[in-house]
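This is what each chain is made of:
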Amino acid sequence: MLGFELLDHLTHRMTGPVMGISRRAIPMEKPGLRNQVCDDPLLPDWLPQADKDSTIIHCAGLSNPRKYFDNMASLAAQEIAPHLAMVEGLVEKGWLGHLVFLSSGGAVYGDVSTLPIVETAPRLPKGHYGLQKLILEDSLAFLARRHGFRLTILRVGNPYGATIRKREQGVIPVIIDASLEGTPFQMFGDGRALRDYVHVKDFCVAVEKASLRNAGATTETFNIGSGTGTSLRDLIDLVTAITDKAISCAIHPTDVDVTSNVLDISKAKRALDWTPVIGIKAGVQQLILKAQQRQTI
């Protein structure tokens, strides 16, 4: 759960107060973490009346890239309008600070012919998940121009290594579980498409640096990833080599997943002074060690 990871990271790195806003209590008690539980975090009643310039990191939204909607009206009503209403509600309360919006570098671009993908590449999402992110990107940019708040859009690759897992997020832990438990891995596609995996610790540092960006009432977009591509078959081979346990695969066709996706992160390196430091091999080794430790408890 990226929101929890960010709350934990920013609490210990930022000089000012950090507050999480969520529907449920944080899943793990840690000293110093402050979190406010709301029935609906998209209703901005949680913003103090005197708060006019805080930085808000917007993590809410669809988390399952294969989520399907029967029609566009349902997508707009359920997953687009509430987010825009939240931001308009913040502005009505007098807030004109800095909004950091977590978008998707893995779904907004769709199929591309040239890798790595730069921020100016066409955005042609294949599924409702990517489409929702695209519409929110453009709508938030419109609101930022109209009202004068700062907006930073982070198109994040495939984060992995989170302390808390959500069932529909994170293929790497699923592969590790399949190896250690001897269960089949459900593979969508042929497993040869490349993905850009970024460790959650590197992701959190990127968000920290983006939240400190101070460039007036402007909108900027950054790719946040590793800058390198890894296929599912690469991951399976890597996990197999580390655990010395073969993984069986059940292959399913898909028409929603993009082909290959590797992000060009040179803009983030240059403008945010951010570079990922945890490579895929080291990150996977850490996760396998933790999973093995859980098995022995």
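Below is a summary of the structure that appears in this document. (Residues numbered from 1 in each chain as written. Predicted model: local features only at pLDDT ≥ 70, side-chain atom pairs only at ≥ 80, totals over all residues. Heavy atoms only, no water.)

### Thoughts on the overall build of the protein chain
As a reminder of what qualifies: Under the scheme used here, helices are H or I runs from DSSP no shorter than 4 residues and strands are E runs no shorter than 2 residues, and both carry numbers assigned from the N terminus. Only the C-alpha atoms count toward the radius of gyration. The rule for a globule is 2.2 Å times the residue count to the power 0.38. Think of it in three bands: residues with accessible area under 20% of the maximum for their type are buried, residues over 50% are exposed, and the middle band is partly exposed, with areas taken using a 1.4 Å probe on protein chains only. Here a residue-residue contact requires only that any non-hydrogen atoms of the pair lie within 4.5 Å. The protein chains shown are the only cover counted for residues, whose accessible areas, like all others here, come from Shrake-Rupley with a 1.4 Å probe.
Secondary structure summary: the protein chain contains nine helices and twelve strands in total. Relative to its length of 297 residues, the protein chain is compact, with a C-alpha radius of gyration of 19 Å against a globular reference of 19 Å. Considered along the principal axes of its C-alpha atoms, the protein chain spans approximately 60 × 45 × 40 Å. Sorting the 297 residues of the protein chain into buried and exposed places 46% on the buried side. Contacts in the protein chain between residues at least 24 apart in sequence constitute 79% of all its contacts with a sequence separation of at least 6. Only carbon and sulfur atoms are counted for the fraction: they give 52% of the accessible area of the protein chain, which is about 14700 Å².

### Comments concerning the pairing of strand E3 (residues 55–58)
What counts, and what does not: Strand pairing follows a simple DSSP-based rule, namely that at least 2 bridges must link the two strands.
Burial along E3 is one-sided: the face carrying Ile56 and His58 is buried and the face carrying Thr55 and Ile57 is not. One ladder, built from four bridges, connects E3 with strand E4 (residues 98–104); its direction is parallel. Across the sheet, the residue bridging to histidine 58 is phenylalanine 101, located in E4.

### Points about the nonpolar core
Rules: Nonpolar cores were defined as sets of buried Ala, Val, Leu, Ile, Met, Phe, Trp, Tyr and Cys residues, with membership established by side-chain atoms within 4.5 Å.
Judged by nonpolar contacts, the single largest core of 27 residues is most densely connected at Trp95, Leu99, Phe149 and Leu151. Looking at this core, the elements with two or more residues in it are helix H3 (81–92), E4, helix H4 (128–147) and strand E5 (150–156). When residues in this core are grouped by element, the largest group, six residues, is from H4. Apart from residues no more than four positions distant in its own chain, leucine 151 is found in contact with His98, Leu99, Phe101, Leu140, Ala141, Ala144, Arg213, Thr218, Thr219 and Glu220. Counting 23 residues, the second-largest nonpolar core is a separate cluster that includes Val100, Phe203, Val205 and Leu263.

### A look at the packing of aromatic side chains
In this description, a pair of aromatic rings is defined by centroid distance and the angle of the planes. The condition that has to hold: Ring pairs are drawn from Phe, Tyr and Trp, using the six-membered ring of Trp, whenever the two centres fall within 6.5 Å, and their geometry is named by plane angle: stacked under 30 degrees, edge-to-face over 60, tilted for the rest. A ring is scored as having a charge over it whenever the NZ atom of a lysine or the CZ atom of an arginine sits within 6 Å of its centre and within 35 degrees of its normal.
Under the criterion given, the structure shown has one aromatic pair. Here tryptophan 95 and phenylalanine 149 contribute two aromatic rings whose centre-to-centre distance is 5.2 Å and whose plane-to-plane angle is 40°, an arrangement assigned as tilted. Of the two residues, tryptophan 95 sits in the loop between H3 and E4 while phenylalanine 149 sits in the loop between H4 and E5, which places them 54 residues apart along the sequence. For tryptophan 95, a relative accessible area of 0% puts it in the buried group. Note that arginine 66 overlies the ring of phenylalanine 188, its terminal NZ or CZ placed 4.0 Å from the centroid. In this arrangement the basic side chain of lysine 67 is found over the ring face of phenylalanine 69, its NZ or CZ atom lying 5.5 Å from the centre.

### Quick word on the sheet that holds E3
Short version of the rule: Note on definitions: angles span 0 to 180 degrees between N-to-C directions of axes, and those axes are lines fitted to C-alpha atoms, for helices only across the stretch in contact.
If you trace the four strands from one edge of the open sheet to the other, you get E3-E4-E5-E10, paired in parallel fashion. Each end of this open sheet is capped by a strand with a single partner; those strands are E3 and strand E10 (219–224). Each neighbouring strand pair of the sheet contributes to a mean axis angle of 20°, computed without reference to strand direction. Contacting E4, E5 and E10, H4 crosses the sheet at an angle of about 160° to E4.

### Regarding the pattern of salt bridges
To keep it simple, the criterion reads: We count a salt bridge whenever a side-chain nitrogen from Lys or Arg sits within 4 Å of a carboxyl oxygen from Asp or Glu.
For the structure on display, the rule yields nine salt bridges. For aspartate 8, the salt bridge goes to lysine 30, with nearest N and O atoms at 2.8 Å. Of this pair, aspartate 8 sits in helix H1 (residues 2–13) while lysine 30 sits in the loop between strand E1 (20–22) and strand E2 (35–37); the two residues are 22 residues apart in sequence, bridging distant segments of the chain. According to the relative accessible area criterion, lysine 30 is partly exposed, its value standing at 29%.

### Brief notes about the side chain of serine 179
Our working definition: What qualifies as a polar contact is a pair of N or O atoms within 3.5 Å, subject to a donor-acceptor requirement within protein and to the restriction that residues adjacent in sequence count only when both atoms come from side chains.
Of note, serine 179 is situated in helix H5 (residues 171–181). There is a polar contact of 2.8 Å between the side chain of serine 179 and the side chain of threonine 243. If near-sequence neighbours (up to four positions away) are discounted, serine 179 is found in contact with Val239, Thr243, Lys245 and Ile247.

### Section: helix H7 (residues 232–243)
Applied cut-off: Expected span, for any helix, means 1.5 Å times one less than how many residues it has. The arc under discussion is defined with respect to the helix axis, by the directions toward the C-beta atoms.
Counted at 1.5 Å a residue, the expected span for H7 with its twelve residues is 16 Å, and the 16 Å between its end C-alpha atoms agrees. Those residues of H7 that sit buried are Leu232, Leu235, Ile236, Leu238, Val239 and Thr243. End-on, the buried residues of H7 take up no more than an arc of 165°, which puts them together on one face. Among the exposed residues of H7, those pointing more than 90 degrees away from its buried face are Asp237 and Ala241. Those residues of H7 hidden inside the fold are in contact with H5, strand E7 (185–188), strand E9 (197–199), strand E11 (230–231), strand E12 (249–252) and helix H9 (280–296). Phi turns positive, to about 60°, at aspartate 244, one or two residues after H7.

### Focus on the pairing of E4
Selection criterion: We call a crossover right-handed when, viewed with both strands directed away from the observer, the connection leading from the first strand over the helix to the second proceeds clockwise.
Counting buried positions along E4 yields seven of seven residues, so the element is predominantly enclosed. Here E4 shows a buried face lined by His98, Val100, Leu102 and Ser104 and a second buried face lined by Leu99, Phe101 and Ser103. Looking at chain direction, E4 and E5 are connected through seven bridges and run parallel. Following the sheet pairing, leucine 102 is matched in E5 by leucine 154. For the crossover that starts at E4, traverses H4 and ends in the parallel E5, the hand is right-handed.

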